[in-house]
Amino acid sequence: MILAVAVLLLQFPAAGAASPPPSGLNRPVEASRVTVPSEAPKPADQPESGEERTSDGSRPTPPVKPSTESASQPTSNVLPPPAFRPPDETPVAHRKLWILLSATEHSSAGFDAWSTRYALSNGRVEADPIMRPFAGSAAIYGAIQVIPIGLDYVAHRLQRSSGWTRHIWWVPQSVASATFLVSGSYNVAHTN
């Protein structure tokens, strides 16, 4: 994967393939290639209308416009890397934060499962109809992890999306973590 990203960023030409030169970018204009358009010589006694003459009767030579690019610049066939970030590449800080939020989310879901088991052992009843079949056994620890896994995937996709959703990728994991912590705290606080 790292090699693929490096090839995309550096854009190496294929071996043996002749790549066309860049479209005038980064290429200096050589002085030998600058030519002044020539006209067929006209007799000096046939002046054109509005044409200026020098004091000796000859036509002045047109001025040569200087090139905007300096001839002393080195020629470079290497194009700069693209200004965009490929969609599968995210900053390292975002990956670390995603991992931290995932760990927090799964830990808080485990705390909610433990507090539910604790509350059930003290005579309380599971209110969630989806979790009720798992509440009486240790299977609740695995069943409750389904939601965090799905939200991890959603956050991962949002992180690599384009547009405004790219900026809120952390919301599903954060809201789920807070919800699991509130549920677990409620179970523990109202059991005694």
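Treat the numbers as computed from the prediction; the structure is a model and nothing was measured.

Trainee: Is there a simple way to think about a nonpolar patch on the surface in this case?
Mentor: Together, W164, I168, W170, V171 and V175 make up an exposed nonpolar region whose accessible area comes to about 500 Å². The residue W170 is located in the loop between α4 (146–159) and α5 (171–189) in this model. Of the residues examined, W170 reaches a relative accessible area of 41% and is grouped as partly exposed.

Trainee: What am I meant to see in the packing of helix α2 (residues 92–121) against α4 here?
Mentor: Describing two packed helices takes the angle between their axes plus the distance from one axis to the other. α4 packs onto α2 with a crossing angle of 160° between their chain directions and a minimal axis gap of 10 Å. With respect to each other, α2 and α4 are oriented roughly antiparallel. Considering only the axes of α2 and α4, their crossing is right-handed. Across the interface between the two elements, H94, R95, W98, S102, E105, H106 and A109 from α2 touch I147, P148, I149, L151, D152, A155, H156 and Q159 from α4. Grouping the amino acids of the contact of α2 with α4 by side-chain chemistry returns seven nonpolar, five polar and three charged.

Trainee: So what exactly am I meant to see when it comes to α5 here?
Mentor: For an α-helix, the turn length of 3.6 residues means that residues three or four places apart are oriented alike. Taking 1.5 Å of rise per residue, 19 residues should cover 27 Å, and α5 covers 27 Å from first to last C-alpha, within 8% of that figure. Of all the positions in α5, only P172, Q173, A176, S177, F180, G184 and N187 are classed as buried. All buried residues of α5 lie within an arc of 125° about the axis, which places them on one face of the element. Away from the buried face of α5 by more than 90 degrees, exposed residues V182 and A189 are located.

Trainee: How should the packing of α4 against α5 be read in this particular structure?
Mentor: It is at 8 Å that the axes of α4 and α5 come closest, and there the two elements cross at 155°. Overall, the two elements α4 and α5 adopt an arrangement that is roughly antiparallel. Residues I147, P148, L151, D152, V154, A155 and L158 of α4 form the contact with α5, whose participating residues are P172, Q173, A176 and F180. Tallied by class, the residues present in the contact of α4 with α5 amount to nine nonpolar, one polar and one charged.

Trainee: Would you mind showing me how to read α4 here?
Mentor: In this model α4 runs 20 Å from its N-terminal to its C-terminal C-alpha over 14 residues, within 8% of the 20 Å that 1.5 Å per residue would give. Residues of α4 that are buried include every one of P148, D152, A155, L158 and Q159, and no others. Projected down its long axis, α4 carries its buried residues within an arc of 130°, all on one side. Looking at α4, the residues exposed on the side facing more than 90 degrees away from the buried face are V146 and I149. Close packing links the buried residues of α4 with α2 and α5.

Trainee: Would you explain the packing of aromatic side chains in this entry?
Mentor: Within a pair of aromatic rings, the relevant descriptors are the distance that separates the centres and the angle that separates the planes. Enumeration over the complete set of coordinates arrives at two aromatic pairs. On the basis of an interplanar angle of 25° and a centroid distance of 6.2 Å, the ring pair of F111 and W114 is categorised as stacked. In this pair, F111 and W114 are both assigned in helix α2, three residues apart and thus about one turn of the helix distant. The class for F111 is partly exposed, based on a relative accessible area of 29%. We classify W114 as partly exposed; its relative accessible area is 41%. Between W114 and Y118 the ring centres are 5.5 Å apart and the planes differ by 10°, which places this aromatic pair in the stacked class. With a gap of four residues between them, W114 and Y118 both fall in helix α2, about one helical turn apart. The partly exposed category is assigned to Y118, whose relative accessible area is 28%. Aromatic rings pair up to connect F111, W114 and Y118 into one cluster.

Procedures and definitions
Residues numbered from 1 in each chain as written. Predicted model: local features only at pLDDT ≥ 70, side-chain atom pairs only at ≥ 80, totals over all residues. Heavy atoms only, no water. Patch = residues over 30% accessible without salt bridge, like charges linked within 9 Å, V, L, I, M, F, W, Y side chains within 5 Å. Areas by Shrake-Rupley, 256 points an atom, 1.4 Å probe, with all protein chains shown as cover. Salt bridge = Lys/Arg side-chain N within 4 Å of Asp/Glu carboxyl O. Helix = DSSP H or I, 4+ residues; strand = E, 2+ residues; numbered from the N terminus. Buried < 20%, exposed > 50% of the residue type's maximum accessible area, 1.4 Å probe, protein only. Axes fitted to C-alpha atoms, helices over the stretch in contact; angles between N-to-C directions. Parallel < 35°, antiparallel > 145°, perpendicular 65-115°, else oblique. Left-handed = near helix turned anticlockwise from the far one by under 90°. Contact = heavy atoms within 4.5 Å. Nonpolar A, V, L, I, M, F, W, Y, C, P; charged D, E, K, R; others polar. Expected span 1.5 Å × (residues − 1). Arc of directions from axis to C-beta. Phe/Tyr/Trp six-rings, centres within 6.5 Å; stacked < 30°, edge-to-face > 60°.

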